[in-house]
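Below are the chains, spelled out letter by letter.
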Amino acid sequence: MRVLVAGGAGYIGSHVVLALQQVGHQVIVLDNLQTGHREAVENVPFVLGDIADETLLIRLVSEYKIEAAVHLAAESTVGLSMQDPGLFFKHNTGKGAVFLDTLVKSGVKILVFSSSAAVYGSPINMPICETHRLNPVNVYGATKIMFEEMMRWYEQVYGLRWIALRYFNAAGAAVGHGIGEDHNPETHLIPIILQTVLGKRQKVNIFGNDYSTPDGTCIRDYIHVSDLSRAHVLAMDALSAGEAGGIYNLGNGQGFSVQEVVKVCERVTGQKIAAEIAPRRQGDPPILVASADRIKSDLGWTAEHPELEGIVTSAWKWHRSHPWGYSKPVLKDERK
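All of these numbers come straight from a predicted model, not from anything done at the bench. (Residues numbered from 1 in each chain as written. Predicted model: local features only at pLDDT ≥ 70, side-chain atom pairs only at ≥ 80, totals over all residues. Heavy atoms only, no water.)

### Thoughts on helix H4 (residues 85-105)
1) Next: Its 21 residues give H4 an end-to-end C-alpha distance of 29 Å, which sits within 8% of 30 Å, the value for a rise of 1.5 Å per residue.
2) Next: If you check which residues of H4 are buried, you get Phe88, His91, Asn92, Thr93, Lys95, Gly96, Phe99, Leu100, Thr102, Leu103 and Val104.
3) Next: Buried positions along H4 lie against strand S1 (2-6), helix H2 (54-64), strand S4 (68-71), helix H3 (78-83), strand S5 (110-116) and helix H5 (139-158).
4) Next: Gly107 sits one or two positions beyond H4 and adopts a positive phi of about 100°. (Helix = DSSP H or I, 4+ residues; strand = E, 2+ residues; numbered from the N terminus. Expected span 1.5 Å × (residues − 1). Buried < 20%, exposed > 50% of the residue type's maximum accessible area, 1.4 Å probe, protein only. Contact = heavy atoms within 4.5 Å.)

### Quick look at the packing of helix H8 (residues 258-269) against helix H10 (residues 308-321)
1) Next: H10 packs onto H8 with a crossing angle of 60° between their chain directions and a minimal axis gap of 9 Å. Between H8 and H10, the angle falls in the class oblique. At the point where H8 passes H10, the crossing takes the right-handed sense. Of H10, the residues touching H8 (which contributes Val261, Val264, Cys265, Arg267, Val268 and Thr269) are Leu308, Glu309, Val312, Thr313 and Trp316.
2) Next: Among the residues making up the contact of H8 with H10, the classes are represented as seven nonpolar, two polar and two charged. (Axes fitted to C-alpha atoms, helices over the stretch in contact; angles between N-to-C directions. Parallel < 35°, antiparallel > 145°, perpendicular 65-115°, else oblique. Left-handed = near helix turned anticlockwise from the far one by under 90°. Nonpolar A, V, L, I, M, F, W, Y, C, P; charged D, E, K, R; others polar.)

### A look at unusual backbone geometry
1) Next: For the bond running from Met126 to Pro127, omega is -5°, close enough to zero to count as cis.
2) Next: Here the residue pair Asn184 and Pro185 is connected by a cis peptide bond, since its omega of 0° sits within 30 degrees of zero.
3) Next: Position of Pro185 among the secondary structure elements: in the loop between strand S7 (169-171) and helix H6 (189-197).
4) Next: You will see that Leu33, though not glycine, has its phi angle at about 60°, which is positive.
5) Next: For Leu33, the position within the fold is in the loop between strand S2 (26-31) and strand S3 (46-48).
6) Next: Even without glycine at this site, Lys65 takes up a positive phi of about 55°.
7) Next: With respect to the helices and strands, Lys65 occurs in the loop between H2 and S4.

As structure tokens, this is what we get:
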């Protein structure tokens, strides 16, 4: 199929583009490069633009004969969403509505959406199933719920076929393909730890060590970005085959504490990592672990890289060979 990937130059987006290409889909990337990198999608038709540009979207659908779309374009820094909620409602909800409406009215009726575990807030039950109550504790999570609801209504009114994938903690890199995680500022734990090893940071802050967990630090579910990306392909194929859509969690179903992640990073890198306990961050749930039973049952998805050490190893290969991200030349062959 001819697939438009909005936000395709970002960390997850570039891996989704790769996964789609590997099974023969024709991909067109739309990205404003606010957080994405043109270098991450060098071998793909690329359009610089905004998802709320109706004229541009109509032209792209017509020119490239777009049949389906993946929507990953969003403001995604959780902390910022609580400092500037208007920005998130404007971009994730307002611009998202324009994007959805324009696609559907241009004839694109298949959509895979990048949602988030942030919709659950502080969960009651663990592991978290898709039927768990939705109770976001930040604006970012609230905007994800709003877009999911928009898709439900567009299904009812226009016959939209959609799947929302609720990501847990994406990590790692597609080794040998020259793409990886490069955010500014970086907010994700594993790259922050690895930047410390590379001397780009003095230490890692561990936010709280008094949670009700075995070592007192927060527990999260880490999923390899390539496994996460492959789920988008399965979702796209299911929708195009006429199968029912809906909502799926994307996680490994196992949790690791912050302290455990630091220790794994030390083993992988062979370096002692400076870590310091800092005050808790507001809204951090003690544990977030997914149940991925539904996507395994319905779409046949499985994690090919379930081990945290393997995830960290792939991330380390990327960061070691790209210590400045995409901004400077590669130092070493990342395949080694």
